[in-house]
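Coordinates in review
Spelled out, the chains give:
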Amino acid sequence: MMKHQTIHEFVARDLGGAKVELKQYSGKVLLVVDIASHCGLTPQLKHLQELYSKYKERGFEILAFPSDDFYQQPEDGPEIEMFCQDNYGVTFRIFEKGIVKGKQAQPVYHYLADKSRLVGMKLYPLWNFQKYLIDQNGQVVDYFFPWTKPQSDSLTDAIEKELTKRPVEK
C-alpha cells in the first residue's frame, strides 16, 4: 500500500456528501480542525472564522471535520452547517462528520496523525479542536492542541510564517 505524501492526495466528502479533492487546495496554507458543536471549546469557531477572514485573501483555508469521537457532535449534515453559520458566522469549508482518531479514523486523519507524531506515536486529536497546520505543498508543518486558541500568538505566528513562504515547484 502506497503511503500518501501530501494532504492534497486525499478526497473527502462535504456535508452534502459530494466528493472534494483536496488537491484543489494546492498552493494554500491549511488549518485542519476537528470540530464539535456541543463542546466547551465550540466558541473557538468564532475565532477560527476571524482567522479565516483575516488570512483567506492571502491563500489561507480552514478545513473543518466534525466528529462525534468525543460524544459532543450529535447533529449530522446540514444541521452542522446551520449551527456553525447561525451561531458563529462560519464560512470556511466543513466536511462530512466522521471518525478522527484510532484505527477507524478517516484516511485524512490517519495521514495527519502519522505526520505529526509525538514521542514516536501517531498524534490523533486529543479532543475536539485539535489543529494541524499544512503548508502550501500539502505537508504537515505543525500541530496545536485543542486548548490552543485560534488567536494565540503561537498559531498566528505559524500561519504568518507559512504564508510568506513560496510553494516548492514540482
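Remember, it's a predicted structure, so these values are computed and weren't measured experimentally.

The next subject is the packing of aromatic side chains. Scanning the entire structure with this criterion turns up ten aromatic pairs. Ring centres of Y52 and F92 lie 6.1 Å apart, and the angle between their planes is 80°; this geometry places the pair in the edge-to-face category. Of this pair, Y52 sits in helix α1 (residues 44–55) while F92 sits in the loop between α2 (77–88) and β5 (93–94), and the two are 40 residues apart along the sequence. This pair shows no difference in class: Y52 is buried, exactly as F92 is. Chaining the aromatic ring pairs together yields one cluster made of F65, F95, Y109 and Y132.

Strand order in the open sheet made by the five strands is β5-β4-β3-β6-β7, with mixed pairing throughout. Each edge of the open sheet is held by one strand with a lone partner, namely β5 and β7 (140–144). With two bridges joining them, strand β4 (residues 60–66) and β5 adopt parallel strand pairing. Pairing of L63 across the sheet is with R93, part of β5. Sheet strands in contact with α1 are β3 (29–35), β4 and β6 (131–134), and its direction is about 155° off that of β4.

Rules behind the numbers
- Residues numbered from 1 in each chain as written.
- Predicted model: local features only at pLDDT ≥ 70, side-chain atom pairs only at ≥ 80, totals over all residues.
- Heavy atoms only, no water.
- Phe/Tyr/Trp six-rings, centres within 6.5 Å; stacked < 30°, edge-to-face > 60°.
- Helix = DSSP H or I, 4+ residues; strand = E, 2+ residues; numbered from the N terminus.
- Buried < 20%, exposed > 50% of the residue type's maximum accessible area, 1.4 Å probe, protein only.
- Pairing = 2+ DSSP bridges.
- Contact = heavy atoms within 4.5 Å.
- Axes fitted to C-alpha atoms, helices over the stretch in contact; angles between N-to-C directions.

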